[in-house]
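Below, each chain spelled out in residue letters.
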Amino acid sequence: MINFNKMNEIIIEKSKFIAYSFDIFSTDDIKDILLELKKEHRKATHICFAYVYKREVVLEKCSDDGEPSGTAGLPIMNVIKKKGLQNVMVVVVRYFGGKKLGAGGLVRAYTKSASLVL
């Protein structure tokens, strides 16, 4: 497993959200983190993420990984930006618990997961 700064797990309506925060030192770190987490969490429903990486230029990216558009990656990104962080990546792994949370519920869940891990 790749070294993470912090890990946090919450359960909302039987869905498990596992959040990880990482310091990133290169774009290769981003790829390595995602590959490793996808191997570790093969049965996860979604692996959503956001990062802000700054060296010569600022690179920002987020992914909903199949969640409804704007309900996962963007809320994670908003937490990173609100805290003014750079060279950090937050990944939230979701195991679906059988009950749909709706767009608002997903935004709250991913926001809470990212906030707790940072």
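For the structure, check the block above.
Below: a short report on this structure. (Residues numbered from 1 in each chain as written. Predicted model: local features only at pLDDT ≥ 70, side-chain atom pairs only at ≥ 80, totals over all residues. Heavy atoms only, no water.)

Considerations on the nonpolar core
For clarity, the cut-off: For our purposes a nonpolar core is just a set of buried Ala, Val, Leu, Ile, Met, Phe, Trp, Tyr and Cys residues, chained together by side-chain atoms within 4.5 Å. Residue exposure (1.4 Å probe, protein chains only): buried if accessible area is under 20% of the type maximum, exposed if over 50%, otherwise partly exposed. Where helices and strands are cited, they refer to DSSP runs of H or I of at least four residues and of E of at least two residues respectively, numbered from the N terminus. Note on definitions: a residue-residue contact is assigned when non-hydrogen atoms from the two residues lie within 4.5 Å.
F17, I76, I80, V90, V92 and Y110 are the most contacted members of the largest nonpolar core, which totals 20 residues. Put simply, the parts of the chain that give this core at least two residues each are β2 (15-23), β3 (46-54), α2 (73-82), β5 (88-95) and α3 (102-117). The dominant element in this core, judged by the number of residues it contributes, is α3, at five residues. Apart from residues no more than four positions distant in its own chain, V90 is found in contact with Y20, S21, C48, F49, A50, I76, I80, A114, V117 and L118.

What about the pairing of strand β1 (residues 6-12)?
Looking down a regular strand, the side chains alternate between one sheet face and the other. This is how the line gets drawn: At least two DSSP bridges between two strands are required for those strands to pair.
Here β1 pairs with β2 via seven bridges, running antiparallel. Looking across to β2, one finds that N8 is bridged to A19. Following β1, the chain reverses through two residues before pairing antiparallel with β2; E13 in that reversal takes a positive phi of roughly 50°.

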